[in-house]
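# An overview of the molecular structure
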Amino acid sequence: MSLSFFSLVTGLYVLHFSLALILVNKEVPQTRGMLYPRESETREVRSLDGIWNFVRSDQANPTQGVRDEWYTKDLSQSRPTIPMPVPASYNDITTDNLRDHVGTVWYDRKFFVPRSWSKNQRIWLRFGSVHYEAFVWINGQKVVKHEIGHLPFEAEVTDILNYGAENRITVMCDNALIQTTVPQGKITEVPNDNGMTIIQSYTFDFFNYAGIHRSVHLYTTPRTFIEEVEVTTALSENNSVGEVFYSVSVNGSAANEAINVLNIQANLYDKEGAKVANTTSDGKLDGCLKLTGVKPWWPYLMHPEPGYLYELEIKLLAANEELLDVYRLKVGLRTLSWNKSQFLINGKPVYFRGFGRHEDSDIRGKGLDNALMVRDFNLLKWIGANAYRTSHYPYSEESMQFADQHGIMIIDECPSVDTENYSQELLGKHKSSLEQLIHRDRNHPSVVMWSIANEPRTASMNADSYFELVANFTRSLDKTRPITAAIAVPYTQDKSGRHLDIISFNRYNAWYSNTGRLDMVTQNVIDEATAWNKQYNKPVIMSEYGADTLEGLHMTPAYVWSEEFQEEVFARHFKAFDQLRKKGWFIGEFVWNFADFKTAQSYTRVGGNKKGVFTRSRQPKAAAHLLRKRYFALGRDLDQCQFPEDLFTYIADLIS
């Protein structure tokens, strides 16, 4: 990118929005493949995670590396390199000003490919996520370009690799956000002490971490292989009989020439490894597995055995029954339904109790961190939550798998946050982000809802037609889950709610509104939730509420930023929620936030956003203990779960 490019973009936007906006419902590219890399009898997987070489471009000359073809040789021959861990955000690794770099950076590393991989198979290079835009070369040849962070992409590299020899992978990553990226931002050139500098700004309240955020894999497939597996499930009325419907797509010469001679053998195994159902789809690539005595997938605390998963084994067979490929994935059997007042799983009404979250930690930023992920799920279960929203972008595939296993329901959100300045180009990328998200996560039983935006500017004149197109597109991809969006504008101004199935709203009473006034919380929450329901006659969730809290700050009476104030804000909301639950259409409460997280520098943020009930190092504030008591009390009242033994601290044995 160049500064002249950004100037041109700005000028075009001024011209564009002086005219009426007419949006066209254009097609977006459809994702193919992208199954999570798993080893099997026919597949091998190799990780390229580790320490890579790293170079930053000059901010004023971000395309220099492309023009000078840095990708044709080791980066160290073009610029001095530094070591950089993958996966990780690069921003907080060094001690210089890399944190606030705007524009492109470069990675490379060497790797060997065994000679055995050259024999009758195909090789794929897969990235879990690079933020925001990525260009990838292998041995100097461009293999893939991908835009939109937090989502996987891959390319076949069979004919580019050197087998039994060394190879080089080079990645250029661009973190620049403009008005047509998802999420949006602005680039400006401003004077500083040394002349001019480039500033990245954005309205969303989390740090724009960048880099190779998730794992990089090489994996093999047979020449003809299972490219896609789509799974849906059904349960009988009493949940005793289950059905698993599967549809398989095949890639390869055999698939192209003689699809009717390929067979699918599908086997379903329970947790103990016993085969409970099997079928062979002769000449077809779809079918149904039926089993009795099924164990449905239930959310945490709604059943003594939550998150029950079966293993689905898909075998691709040739006409002579030769095994061509094997792929396995976990499957949870459950049904979802919703109406004007309820959301139900397996026919039972659900009351959501959970969090908005962020993939964020010290040093690693948004980089995949398995230790942190396990800690977070332990805390989610400790506190009694049954759900969270992937605010405000798709989370790692590994965390989605963990949610499946632990029975944590997910409201799965695309990266569209603070959406504004609606345009045809933005619409296309917004829809593409949802297409990629749904393609990636459609088989996860934990995913119970799609969120198509967070705090979009839905009072805008153009929001109605824009979100109608986005919502209808989302439904065309998946009709089995409801659609929501976290709305922050007043209900009197909103133009998106009529296109949603569930209304979610964000409001910070006693914080951004009526700061410090604890006497202006409960009735305001009741009134606004009731107004949203009256406006649209749909179920309502409060998707964000909370208050910034500095751990260790105590003040009586409660005062903003103190731990006592956060507890009081929560308690006033709890009172509102309990009155709303009695109305029958209020179906959930989500605290903002699970843990403290980093933001852009601001005089309103001391080291970041402090609304977490846990610190950034995942230690509880006082409000976490209060929230734990509430969530387990709700669990016992609604789902008859048991209290943990340590929920209440012994005080006294009072004898009358």
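Residues numbered from 1 in each chain as written. Predicted model: local features only at pLDDT ≥ 70, side-chain atom pairs only at ≥ 80, totals over all residues. Heavy atoms only, no water.

## Observations concerning the overall build of the chain
Applied cut-off: What counts as a helix is a DSSP run of H or I of at least four residues, what counts as a strand is a run of E of at least two, and both are numbered from the N terminus. Note on method: radius of gyration uses C-alpha positions; expected globular size equals 2.2 Å times residues raised to 0.38. Exposure categories follow from relative accessible area, calculated using a 1.4 Å probe and restricted to protein chains: below 20% of the type maximum is buried, above 50% is exposed, and the middle band is partly exposed. Every residue pair with non-hydrogen atoms within 4.5 Å of one another is taken to be in contact. All accessible areas in this document rest on Shrake-Rupley with a 1.4 Å probe, and a residue is counted as covered only by the protein chains that are shown. Two residue types count as positive, namely Lys and Arg, and two as negative, namely Asp and Glu; His and chain ends fall outside the count. Where a charge lies is defined by one atom per residue type: Lys uses NZ, Arg uses CZ, Asp uses CG and Glu uses CD.
What the chain contains, in helices and strands, is 10 helices and 32 strands. By the compact-globule yardstick of 26 Å for 656 residues, the chain fits well, its C-alpha radius of gyration being 26 Å. Projected onto its principal axes, the C-alpha coordinates of the chain cover approximately 80 × 75 × 55 Å. Taking all 656 residues of the chain together, 59% fall into the buried category. Intrachain contacts of the chain at a sequence separation of at least 6 include 72% that bridge at least 24 residues. Counting every atom, the chain has about 26400 Å² of accessible surface; 50% of that belongs to carbon and sulfur. Computing the positive centroid from 70 side-chain charges and the negative centroid from 78, the chain places the two 2 Å apart.

## Observations regarding the packing of helix H9 (residues 563–581) against helix H10 (residues 622–639)
Note the threshold: Axis definition: a line fitted to C-alpha atoms, limited for helices to the stretch in contact. Angles are taken between N-to-C directions and run from 0 to 180 degrees. By the definition adopted for this analysis, an angle is roughly parallel if under 35 degrees, roughly antiparallel if over 145, roughly perpendicular if from 65 to 115, and oblique otherwise. Crossings are classed by handedness, with left-handed meaning an anticlockwise turn of the near helix from the far one by less than a right angle and right-handed meaning a clockwise turn. Charged residues are taken to be Asp, Glu, Lys and Arg, nonpolar residues to be Ala, Val, Leu, Ile, Met, Phe, Trp, Tyr, Cys and Pro, and polar residues to be all remaining types, Gly included.
Two numbers describe how H9 lies on H10: the axes approach to 8 Å, and their chain directions differ by 20°. Judged on the interaxial angle alone, H10 and H9 are roughly parallel. Here H9 and H10 pass one another in a crossing that is right-handed. Taken together, the residues of H10 that come into contact with H9 (itself represented by Glu563, Gln566, Glu567, Phe570, Phe574, Phe577, Asp578 and Arg581) are Ala622, Ala623, Leu626, Leu627, Arg630, Leu634, Asp637 and Leu638. Residue composition of the contact of H9 with H10, by class: 9 nonpolar, 1 polar and 6 charged.

## Things to note about the sheet that holds strand E1 (residues 45–47)
Using the following cut-off: For two strands to count as paired, DSSP must find a minimum of two bridges between them.
Taken together, 4 strands build an open sheet; the order of strands is E1-E14-E5-E9 and the sheet is antiparallel. Single-partner strands in this sheet number two, and they are E1 and strand E9 (153–156). Taken over all neighbouring pairs, the strand axes of this sheet differ in orientation by 20° on average, direction set aside. The pairing of strand E5 (residues 121–127) with E9 spans 4 bridges and is antiparallel. Considered in E9, the bridge of Leu125 is made with Ala155.

## Notes on the state of the cysteines
In plain terms, the rule: Count a disulfide wherever a pair of cysteine sulfur atoms falls within 2.5 Å.
Taken as a whole, this structure holds 0 disulfides when the rule is applied. Not part of a disulfide, Cys173 finds its nearest cysteine sulfur in Cys414, a span of 20 Å. Residue Cys414 is classed as buried on the basis of its relative accessible area of 0%.

## Points about the packing of helix H4 (residues 370–383) against helix H5 (residues 397–406)
For the pair H4 and H5, interaxial distance at closest approach is 11 Å and the crossing angle is 35°. Along this stretch, H4 crosses H5, giving a crossing that reads as right-handed. In contact with Met373, Val374, Phe377 and Lys381 of H4, H5 contributes Glu398, Ser399, Phe402, Ala403 and His406. Considering only residue class, the contact of H4 with H5 consists of 5 nonpolar, 2 polar and 2 charged.

## Let's talk about the nonpolar core
We count it as follows: In this text, buried Ala, Val, Leu, Ile, Met, Phe, Trp, Tyr and Cys residues form a nonpolar core when linked through side-chain atoms within 4.5 Å.
Membership of the largest hydrophobic core comes to 94 residues, with the highest contact counts inside it found for Phe355, Ile383, Ile452, Phe577, Phe586, Val613 and Leu627. Here this core gets 7 residues from one element, more than from any other, and that element is H9. Filtering out sequence-adjacent residues up to four positions away, Ile452 remains in contact with Cys414, Ser416, His430, Leu434, Phe467, Val470, Ala471, Thr474, Ile483, Thr484, Ala485 and Leu500. With 33 residues, the next largest nonpolar core counts Phe54, Phe111, Val136 and Val143 among its residues.

## Some words on the pattern of salt bridges
Selection rule: The salt bridge criterion pairs a side-chain nitrogen of Lys or Arg with a carboxyl oxygen of Asp or Glu, the two atoms within 4 Å.
Using the criterion set out here, one finds 47 salt bridges in the structure. Here the salt bridges share partners, and the residues they tie into one network are Arg32, Glu227, Glu228, Glu230 and Arg442.

## Here's the deal with helix H6 (residues 424–441)
Defined as follows: Given a helix with a known number of residues, its expected span is that number minus one, times 1.5 Å.
Along its 18 residues, H6 runs 26 Å from first to last C-alpha, staying within 8% of the 26 Å computed at 1.5 Å per residue. Across the 18 residues of H6, 16 count as buried, placing the element largely inside the fold.

## Section: the UniProt feature "domain: Glycosyl hydrolases family 2 sugar binding" (unreviewed entry) in the chain
For the record, the criterion: UniProt positions are given in the numbering used here, feature names are shortened, and annotations may be inferred rather than shown by experiment.
UniProt feature "domain: Glycosyl hydrolases family 2 sugar binding" (unreviewed entry): in the numbering of this structure it lies at residues 45–222. Helix makes up 2% of residues 45–222 and strand 47%, whereas the separation of the span's terminal C-alpha atoms amounts to 13 Å.

## Here's the deal with the packing of aromatic side chains
For the record, the criterion: Each Phe, Tyr or Trp ring, with Trp reduced to its six-membered ring, pairs with another whose centre is within 6.5 Å; inter-plane angles below 30 degrees give stacked pairs, above 60 give edge-to-face pairs, and intermediate values give tilted ones.
By the definition in use, this model includes 40 aromatic pairs. On the basis of an interplanar angle of 50° and a centroid distance of 6.4 Å, the ring pair of Tyr351 and Phe586 is categorised as tilted. In this pair, Tyr351 sits in the loop between strand E24 (348–349) and strand E25 (352–356) while Phe586 sits in strand E32 (residues 586–592), placing the two residues 235 residues apart along the sequence. Phe586 matches Tyr351 in its accessibility class, with the two residues each being buried. Taken together, a centroid distance of 6.2 Å and an interplanar angle of 35° make the contact between Phe352 and Phe590 tilted. Taken as a pair, Phe352 in strand E25 and Phe590 in strand E32 lie far apart in primary sequence, 238 residues in all. On the basis of relative accessibility, which here comes to 2%, the residue Phe590 falls in the buried class.

## Details of the side chain of Asn443
Basically, it comes down to this: In protein, a polar contact means a hydrogen-donor-capable atom and an acceptor-capable atom, both N or O and within 3.5 Å, with residues adjacent in sequence counting only if both atoms are side-chain atoms; elsewhere, any N or O pair within 3.5 Å suffices.
Structurally, Asn443 can be placed in the loop between H6 and strand E28 (447–454). A distance of 2.8 Å separates a polar atom in the side chain of Asn443 from the backbone nitrogen of Val231.

## Topic: the environment of Leu380
In this fold, Leu380 is placed in helix H4. Beyond its immediate chain neighbours, meaning those up to four positions away, Leu380 contacts Tyr300, Phe355, Arg357, Ala385, Tyr388 and Phe594.

## Some remarks on the environment of Val447
Its location among the elements puts Val447 in strand E28. For the pair Val447 and Arg481, spaced 34 residues apart in the sequence, the C-alpha separation amounts to 8.3 Å. If we ignore the near neighbours within four places in the chain, the residues touching Val447 are Arg334, Leu336, Met400, Ile410, Asp412, Asp441 and Arg481.

## A few points about the side chain of Thr31
Relative to the assigned elements, Thr31 resides in the loop between helix H1 (3–16) and E1. Engagement of the side chain of Thr31 in a polar contact is seen with the side chain of Glu435, the distance being 2.7 Å. Residues within four places of Thr31 in sequence aside, it is in contact with Glu228, Glu435, Gln436 and His439.

## Details of unusual backbone geometry
Residue Pro183 is bonded to the preceding Val182 through a cis peptide linkage, with omega at 10°. Within the secondary structure layout, Pro183 lies in the loop between strand E10 (165–174) and strand E11 (186–192). Note the cis peptide between Thr556 and Pro557, where omega equals 0°. With respect to the helices, strands and loops of the structure, Pro557 is situated in the loop between strand E31 (540–544) and H9. The backbone of Met34 sits at a positive phi, close to 75°, despite the residue not being glycine. Within the element layout of this structure, Met34 appears in the loop between H1 and E1. Judged by its relative accessible area of 14%, Met34 falls in the buried class. Its identity is not glycine, yet Trp561 carries a phi of approximately 80°, on the positive side. Relative to the elements of secondary structure, Trp561 occurs in the loop between E31 and H9. The exposure class assigned to Trp561 is partly exposed, which follows from its relative accessible area of 26%.

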